[in-house]
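# Examination of the molecular architecture
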Amino acid sequence: SIDTSFYTGAPITLGGQAFSKGIGAYAPSEIVYRVQAAYDHFDALVGVEVDDLPGVAGARFLVFLDGVKAYETPDMSPGESPRQVSVPLNGIDEVRLVTVRSVDSERGAQVGWVDVLVLSSTRTTLQSDQAFLRDLAGRRAAQAEQRAAQSRELAAWAQQTLATLETRVGGFPT
């Protein structure tokens, strides 16, 4: 479920904190994204929701990048504080978000992947390009002001030099 708990449809609640954005799922589950090397970082918080169902529930969270396990949490229990997942994606084509039942789990569990961020180097590049362009515009403005000041100084020097010459030679013929 997008932005809601898998079982109840309510906000995803991990460690007593409700989250308005995320993916509610049920362990075991697998969510696959084809990112085609367009992103360079994945961040999320993960956890197991508390529910009223009988039996022990728990889950582990795994992230696979192009089929290779890149991250795994230890077993997590309902109500436990969420854990941070942070995985670089440089050049990765496929991201699989997997949840499995914990070792002592008697049943599946409601889980959440919340505050998910998939960051692109393009955005970073664009931000740095904008900063570079602002810096360049500032330097150009400073250079233009410097040239204008030099032009004013040159004009004042020329007027003073002409006045000095005119005084020395007794005026210029007209």
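Look above for the structure.
## Re the nonpolar core
Judged by nonpolar contacts, the single largest core of 24 residues is most densely connected at Val63, Val95, Val111 and Trp113. Within the residue set of this core, elements represented by two or more residues are strand 3 (22-27), strand 5 (41-48), strand 6 (59-65), strand 8 (83-88), strand 9 (94-101) and strand 10 (109-119). Sequence-distant contacts of Val95, defined by excluding residues within four places in its chain, comprise Ile31, Val32, Tyr33, Val35, Val63, Phe64, Leu65 and Leu89. Core analysis: the next-biggest nonpolar cluster, separate from the first, contains five residues, Leu14, Phe19, Leu45 and Val114 among them.

## Regarding the side chain of Glu94
Topologically, Glu94 is positioned in strand 9. Setting aside residues no more than four positions away along its own chain, Glu94 makes contact with Val32, Tyr33, Arg34, Val35, Phe64, Leu65 and Asp66.

## So, the sheet that holds strand 7 (residues 68-72)
The four strands are arranged 4-9-6-7 in an open sheet whose pairing can be described as antiparallel. Strands with a single pairing partner mark the edges of an open sheet, and in this sheet they are strand 4 (29-34) and strand 7. Between one strand axis and the next, the sheet turns through 20° on average, direction left out of account.

## A word on the side chain of Ser120
Relative to the elements of secondary structure, Ser120 occurs in the loop between strand 10 and helix 1 (121-169). When its relative accessible area of 14% is taken as the criterion, Ser120 is described as buried. Engagement of the side chain of Ser120 in a polar contact is seen with the backbone oxygen of Ala38, the distance being 3.5 Å. Apart from residues lying up to four places away in sequence, Ser120 is in contact with Ala38, Tyr39 and Asp40.

## Structural notes on the packing of aromatic side chains
Taken as a whole, this structure holds one aromatic pair when the rule is applied. Judged by centre distance (5.3 Å) and plane angle (80°), the rings of Phe61 and Trp113 are edge-to-face. Of this pair, Phe61 sits in strand 6 while Trp113 is found in strand 10, placing the two residues 52 residues apart along the sequence. The exposure classification of Phe61 matches that of Trp113, with both residues buried. Directly above the aromatic system of Phe64 lies the positively charged group of Arg96, at a separation of 4.5 Å from the ring centroid.

## Examining the sheet that holds strand 5
The four strands lie next to each other as 3-10-5-8, forming an open sheet whose pairing is antiparallel. Each edge of the open sheet is held by one strand with a lone partner, namely strand 3 and strand 8. For this sheet, the mean angle separating the axes of adjacent strands, direction not counted, is 25°. Bridge count between strand 5 and strand 8: six bridges; the pairing is antiparallel. When the bridges of strand 8 are listed, Ala44 appears paired with Val85.

## A few points about unusual backbone geometry
A cis amide bond links Ala27 to the next residue, Pro28, at an omega of 10°. As for its placement among the helices and strands, Pro28 is situated in the loop between strand 3 and strand 4. Even without glycine at this site, Asp66 takes up a positive phi of about 50°. Along the chain, Asp66 falls in the loop between strand 6 and strand 7. Using a relative accessible area of 37% as the deciding quantity, one classes Asp66 as partly exposed.

## Observations regarding the pairing of strand 9
The side chains of a regular strand alternate, residue by residue, between the two faces of the sheet. Burial runs high along strand 9: six of the eight residues are buried. Here strand 4 runs beside strand 9; their pairing, made up of six bridges, is antiparallel. Within the sheet, the bridge partner assigned to Tyr33 lies in strand 9 and is Val95. Strand direction decides the pairing type here: strand 6 and strand 9, joined by seven bridges, are antiparallel. In the sheet register, Val63 faces strand 9, and the bridge partner there is Leu97.

The rules behind the values
- Residues numbered from 1 in each chain as written.
- Predicted model: local features only at pLDDT ≥ 70, side-chain atom pairs only at ≥ 80, totals over all residues.
- Heavy atoms only, no water.
- Core = buried A, V, L, I, M, F, W, Y, C linked by side-chain atoms within 4.5 Å.
- Buried < 20%, exposed > 50% of the residue type's maximum accessible area, 1.4 Å probe, protein only.
- Helix = DSSP H or I, 4+ residues; strand = E, 2+ residues; numbered from the N terminus.
- Contact = heavy atoms within 4.5 Å.
- Pairing = 2+ DSSP bridges.
- Axes fitted to C-alpha atoms, helices over the stretch in contact; angles between N-to-C directions.
- Polar contact = N/O pair within 3.5 Å; in protein donor to acceptor, adjacent residues only side chain to side chain.
- Phe/Tyr/Trp six-rings, centres within 6.5 Å; stacked < 30°, edge-to-face > 60°.
- Lys NZ or Arg CZ within 6 Å of the ring centre and 35° of its normal.

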